[in-house]
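# Observations on chain architecture
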Amino acid sequence: MTDFPFAQEATRRRTFAIISHPDAGKTTLTEHILQAAGAIHLAGQVRARGENRRTSSDWMRIERERGISVSSSVMTFEYRDLVFNLLDTPGHEDFSEDTYRTLTAADSAVMVLDAAKGIEPQTLKLFEVCRLRDIPILTFINKMDREALDPLELLDEIGDKLALDVSPMQWPAGSGKRFAGVQDLQARVFLPFGKNKKAGAIEKIALDDAQLNEFLPDDQREELREEAELAMEACPAFDVQSYREGHLTPVYFGSALRHFGVTELLDALASHAPGPKETKAMVGGQQSMVSPGGAQTTGFVFKVQANMDPNHRDRVAFTRLASGKFKRGMKLKTAQGKVMSINAPIMFFAQDRGIAENAWAGDVIGIPNHGALRVGDSLSESGKVQFAGIPNFAPELLRRARPKDPMKAKHLRKALESLAEEGVTQLFKPMIGADMILGAVGQLQIEVTAERIAEEYKLDVLFETSPYSVARWIKAANHKDLEAFMDKHKMQMAEDVDGDPVFLGKTPWEVGYAQEKFPDIEFLNTKER
């Protein structure tokens, strides 16, 4: 039975992620969305140098120094009587697995495109992840104050490469030095662009108002009229149901750095983005749907972050609530039977935090713990709810890890295990020998791991070339078949942090050969946690 007050609070939630190719302006947009909502007074100085280059969503030192996002962060704020949970995802492709996990907690996404580059490879990868989960996408074409591709070309590219219907909600008047603003195609008003205007509400000018001449010369005005009419004829009208089902993307234009078009984007999220949906789960061993308005409090862990506060060896499980009302101090159980008394739950504002007294479906809370919670864990009052697991993907790079000081091997193992449980990297422990094999998607992950171990654990680590290049989880219907394979390949067997068996191959060919020789063994490149 649905409890109406729970459902009412859940409908006020808008939990969305921002995805983009690196350098499309995602972190800048995040900052300006927070500013537009009144959550911060000044957007982060993302173009400044040294100590000034710091944003609310980039809290790690490596992020501030390099000007990139390598970790997901969560920011909760209120706007138009709604509660927004903004999930800022890593833009770099080496951290796509972290982005995937974060998208499991999102109800919608904002896709940021660079107006001069259109759909880039990483954008395409992230979109495919959204498509797997039927996540509705709202598109923001950024950097219109720089020279851009033709807007119709951009729309065609989105439609062709993403197989989406594209519905422009605005149309730009020029780009680069000629960028004069955008026409709202639904309200039929013009929003003028001003580089030096302070952040705030943009004045809206009726299309037949003589004041429009101040912003658009006659030739550009006529060009805008023709292009806007062509766009409305060529593209389907916006349909909120089609958008929420993931078939259509509404498109907005602007410049995040100049705070132009950001408020309109936020208004679109408030008006059109969906609230929390029903979630598939096993309840008491039966396949079921968990409703946001359900009476039982439930949720799942999609991310674990250690050492957000370097002064305390803290460990926080980012938990997306799926139903019910959470109250501080309540007890929740994992599907494995662990009981958690949650006395200091956290609401996030990037690296800042406050105690959450109450939270509802759609909200993201942080649960401090000492290793009791892992990515993919389900939580509920009854302990009988199990949400679908979150997959781990086979790494593309394998490196042998060893400390510069051999006396600190035990400390390094603990540090690597902690980061592997976060999902930053993967750790494989060979069954023979004392080596530790680190698995990563890309080189930047390895660099970030080394930097975090030095910063957070005060250890110097060396990552050396590994004799292996491929890792595959193995399983078999018959336990004896599995044992026989492991016994024959002892030198190449390892365990992951969960204790599951992993076969380490020197080459992809070797893995294929083993698969041929042992047809009863499954070699898996994903594992559900």
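Everything discussed here concerns the structure shown above.
Residues numbered from 1 in each chain as written. Predicted model: local features only at pLDDT ≥ 70, side-chain atom pairs only at ≥ 80, totals over all residues. Heavy atoms only, no water.

## Here's the deal with the overall build of the protein
Helix and strand counts for the protein come out as 13 helices and 34 strands. Looking at the 529 residues of the protein, the share that counts as buried comes to 56%. Considering only contacts in the protein between residues 6 or more positions apart, those separated by 24 or more positions represent 70%. Carbon and sulfur atoms make up 49% of the accessible area of the protein, which amounts to about 23200 Å² in all. (Helix = DSSP H or I, 4+ residues; strand = E, 2+ residues; numbered from the N terminus. Buried < 20%, exposed > 50% of the residue type's maximum accessible area, 1.4 Å probe, protein only. Contact = heavy atoms within 4.5 Å. Areas by Shrake-Rupley, 256 points an atom, 1.4 Å probe, with all protein chains shown as cover.)

## Topic: unusual backbone geometry
Excluding glycine, most residues fall at negative phi; most peptide bonds, likewise, are trans. If you check the backbone angles, Arg80 has positive phi at about 50° while not being a glycine. Here Arg80 is to be found in the loop between strand S2 (73–79) and strand S3 (82–88). You will see that Lys143, though not glycine, has its phi angle at about 65°, which is positive. Take Lys143: it is sitting in the loop between strand S5 (137–142) and helix H6 (151–162).

## Quick word on the sheet that holds strand S12 (residues 279–283)
Pairing in this open sheet of 3 strands is antiparallel, and the strands run S13-S12-S24 from one edge to the other. Every other strand in the sheet has two partners, leaving strand S13 (286–290) and strand S24 (385–387) as the edge strands with one partner each. In this sheet, neighbouring strand axes are inclined to one another by 40° on average, regardless of whether the strands run parallel or antiparallel. Sheet topology places S12 next to S24; 3 bridges connect them, and they run antiparallel. Residue pairing in the sheet places Ala281 in a bridge with Phe387 of S24. (Pairing = 2+ DSSP bridges. Axes fitted to C-alpha atoms, helices over the stretch in contact; angles between N-to-C directions.)

## Some points on a nonpolar patch on the surface
A cluster of nonpolar side chains, contributed by Met431, Ile432 and Met491, occupies part of the molecular surface with about 310 Å² of accessible area. Note that Met491 resides in the loop between helix H12 (479–488) and strand S31 (493–495). (Patch = residues over 30% accessible without salt bridge, like charges linked within 9 Å, V, L, I, M, F, W, Y side chains within 5 Å. Salt bridge = Lys/Arg side-chain N within 4 Å of Asp/Glu carboxyl O.)

## A word on the pairing of S5
For S5, the buried fraction is high: 6 of the 6 residues fall into the buried class. A two-sided burial pattern is seen for S5, the buried positions comprising Ile137, Thr139 and Ile141 on one face and Leu138, Phe140 and Asn142 on the other. Strand direction decides the pairing type here: strand S4 (residues 108–114) and S5, joined by 6 bridges, are parallel. Paired with Asp114 across the strands is Asn142, a residue of S5.

Scope: geometric values only; no functional claims are made or implied.
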